[in-house]
Structures are given as C-alpha cells and as structure tokens.
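Commentary on secondary and tertiary structure
Each chain, letter by letter, is given below.
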Amino acid sequence: METIQGISQFTNTSFQTAVTIGTFDGVHLGHRKILERLINDAKNTGLKSTVLTFFPHPRMVLQKDTDIKLLNTLEEKKQILDTLGLDYLIVHPFTKDFSRLSATEFVRDVLVNSLKTKKIIIGYDHRFGRNRNANIQDLIAFGNTLDFEVEEIPAQEIDEVSVSSTKIRNALMEGDIATANSYLSYPYMLTGTIQKGKGLGRQFGFPTANLHIAETYKLIPKNGVYVVKSMIGTTEYFGMMNIGFNPTVSGTERTIEVNFFKFEGNLYDQTIQVVILHRIRDEHKFDSVQELQEQLKKDKEQSLVLISEQHA
C-alpha cells in the first residue's frame, strides 16, 4: 500500500481507480465489508483500490469537538489498512475550506479529475458535499453524467455485522475489552513512548514502563488492570497494564503503566505498541502498600493463566 499525503500529491495519469471514502476509525468489521469489496472488485476489473480518508477528523474541525476520542491514531490506522492489500491510501487534510466544497466540486474535481475514479463503493448512509447535503442517489446521478459506477453496500449487509465505532468506544469506556476486540477483529492497541515514572513499581517488585501517548484524541480504556502483549525488538512479551491514578500511593495523574513479564532491559524513550488482551479488574485503593503488592501477585497469576489458556 502506498500512502499519499493530500489529494494534490496523487499525480496519477496512467490508471483508473476504485474508491471508497470515510474516516474508518477503528477499521472494524463493518468497515472491512466495504474495504474487502473494494479490494476484490478492483482486482477483478483492473482498477487500483484507493481509500480516501481525512485527518483531522471532520468533527474536530467543524464542531471544535476537542473531546472526541478516536480508536486509532493516524499511524495506527495506516498500519491496519496496510495489512488488507489496498493499493493506495490518500490522507487528505480536512479543513473548513475543504468542507465548503459543493457536492459537484467534490465529485468533479476530487473524485473524477484528481483520483481518476471509475468506480465508487460506499456504505448506504454516506453523505458528502457542503453541509453533507448530497446522498447516494446524488452520487449515482453524478456517475451517470461523469462516467463512473456507484456500488452501494446495502444496509442489511453492514447492519448484519451490528458494529459501529461508537459501540466500540462505549465498550472500551466500560472496560468491556472482549466486546471491543471482537468488533474490531484485532486486539485494541495503544502506541506511545516510554517515559520515566516515579519508580514505585520497582520498589513493589513490579517494575513498570510508563507509556506516554502524545495523541490526546486517542481513546484510553476504562481505568483498571489488563493483560497485554508487545513486540519489543523481535521478541513478543506478555505483561499486565494498569490504567489509572494509583490511589494507594496517592497518585494525582492518570498513567498507563506496563509490567512486562520476563523482560529485562531499558525501554526509556522507545516507542512501543501495547495490545490489550483481557481485563482483570477495576483499579482499587488498598489500605496499604503490602495489600497492593499481594493483589499484584494475584493479578500476575491470573494474567499468566489467561495467557496460557489463549496460547496453549
């Protein structure tokens, strides 16, 4: 997959494309219905499969929605899409000016003239153009005039998956990692840089790596203890992760701390990706550090059981 920053950088003169359009937050099972159709259709018709997506998320720009939380950072989204077999991913900067393009301008200038679109595959509820005032019927009419085909993924085909980014966000905020992962079809991931913490975990016998996520829009799941794994270098490590405020030691900032089992070494300033496999419990305030240590031992035992069951 080739990633292109901005429509103007897509300098294509030699081939036509099959295109789908959307934010694709999470690249979940519902999205995959559309993407798989796109990729297969493009292969069968000699077109190049192309996804047009936008960053920042339109709601961040149009609604000043600084509280919106997304399932993927832009880099994570690229990483997931890259596994599917697409030819092109175009990430276009979403601005107020871009949002003011009329439906006619968007279809003529972007889809036809810039992307050389011959076929568009789109979900049944897709809307586009200024104020999102054009719909699938308008797109079909444009196709008849400008010589491209429109294929609509019908409601029942997407809805039978019963998946939406909103449902996944809600599941994560409730700590229901099992539902979120099943809807995503991959384990939810957190990508960040390891920073120095207070070193308290080491004092308890559970040294932790403090994960700092720069993208403030990334959704962090509900506070609690989770079973996780990461690739560090070329080796897979399992561990447990605490998201929360460390109330037993009077913590005041929300942190993400990972205790990797069997890992020895320095991770400071490294960027790592943690995938979340299970949720063990809520975060609690214990009456003493000793009680916390005993609970951490139980958490580790439970984690190891879950890991061995999954990888038996």
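One structure accompanies this document, and this report is about it. Worth saying up front: this structure is predicted, and the values here are computed from it rather than measured.

**Details of the pairing of strand β7 (residues 189–195)**
The sheet contact formed by β7 and strand β12 (residues 271–281) spans five bridges and is antiparallel. Across the sheet, T193 pairs through a bridge with T271, a residue of β12. In this structure, β7 lies alongside strand β8 (residues 209–212), joined through three bridges in antiparallel fashion. Bridge assignment links Q195 to a residue of β8, and that residue is N210.

**Quick look at the pairing of β12**
Where strand β9 (residues 224–232) meets β12, six bridges bridge the pair, whose relative direction is antiparallel. Among the inter-strand pairings, Y226 is bridged to a residue of β12, identified as R279.

**So, the packing of aromatic side chains**
Applying the stated criterion across every chain, the model contains 11 aromatic pairs. Both rings, one in Y237 and one in F263, keep their centres 5.1 Å apart while their planes meet at 85 degrees; by these two values the pair is edge-to-face. Linking Y237 in strand β10 (residues 235–244) with F263 in the loop between β11 (255–260) and β12, this pair joins segments that are 26 residues apart in sequence. You can call Y237 buried: its relative accessible area is 17%.

**So, the sheet that holds β8**
Strand order around the closed barrel formed by six strands is β7-β8-β11-β10-β9-β12, with antiparallel pairing between neighbours. The sheet shows a mean angle of 45 degrees between the axes of neighbouring strands, taken without regard to direction. Bridging between β9 and β10 involves nine bridges; their strand directions are antiparallel. Within β10, the position partnered with V228 by the bridge is G239. Strands β7 and β12 of the sheet are contacted by helix α3 (residues 74–81), whose axis makes an angle of about 130 degrees with β7. Strands β9, β10 and β12 of the sheet are contacted by helix α11 (residues 289–310), whose axis makes an angle of about 100 degrees with β12.

**Quick look at the sheet that holds strand β6 (residues 149–153)**
In space, the six strands of this open sheet follow the order β1-β4-β3-β2-β5-β6, with parallel pairing throughout. At either margin of the open sheet sits one strand with a lone partner, and together these are β1 (2–5) and β6. The mean angle between the axes of side-by-side strands here comes to 25 degrees, regardless of whether they run parallel or antiparallel. Relative to strand β5 (residues 117–123), strand β2 (residues 17–21) runs parallel, the two sharing three bridges. What sits directly across from T17, in β5, is T117. Contacts from helix α1 (residues 29–45) reach β2, β3 (48–55), β5 and β6, with the element oriented near 145 degrees to β3.

**Topic: the packing of helix α5 (residues 103–114) against helix α6 (residues 136–146)**
Between α5 and α6, whose axes approach to 11 Å, the crossing angle comes to 55 degrees. Between α5 and α6, the angle is such that the two are oblique. In the packing of α5 onto α6, the handedness of the crossing is right-handed. Residues A103, T104, V107, R108, L111 and V112 of α5 form the contact with α6, whose participating residues are L139, F142 and L146. Within the contact of α5 with α6, the residues separate by chemical class into seven nonpolar, one polar and one charged.

**Observations regarding the nonpolar core**
Counting residues in each nonpolar core, the largest one holds 65 residues, and the members touching the most others are L172, Y188, L190, L211, M241, F260 and I276. Looking at this core element by element, the count peaks at six residues for β12. Of all hydrophobic cores here, the second largest spans 29 residues; its members include F54, V107, V112 and I120.

What counts and how
- Residues numbered from 1 in each chain as written.
- Predicted model: local features only at pLDDT ≥ 70, side-chain atom pairs only at ≥ 80, totals over all residues.
- Heavy atoms only, no water.
- Pairing = 2+ DSSP bridges.
- Helix = DSSP H or I, 4+ residues; strand = E, 2+ residues; numbered from the N terminus.
- Phe/Tyr/Trp six-rings, centres within 6.5 Å; stacked < 30°, edge-to-face > 60°.
- Buried < 20%, exposed > 50% of the residue type's maximum accessible area, 1.4 Å probe, protein only.
- Axes fitted to C-alpha atoms, helices over the stretch in contact; angles between N-to-C directions.
- Contact = heavy atoms within 4.5 Å.
- Parallel < 35°, antiparallel > 145°, perpendicular 65-115°, else oblique.
- Left-handed = near helix turned anticlockwise from the far one by under 90°.
- Nonpolar A, V, L, I, M, F, W, Y, C, P; charged D, E, K, R; others polar.
- Core = buried A, V, L, I, M, F, W, Y, C linked by side-chain atoms within 4.5 Å.

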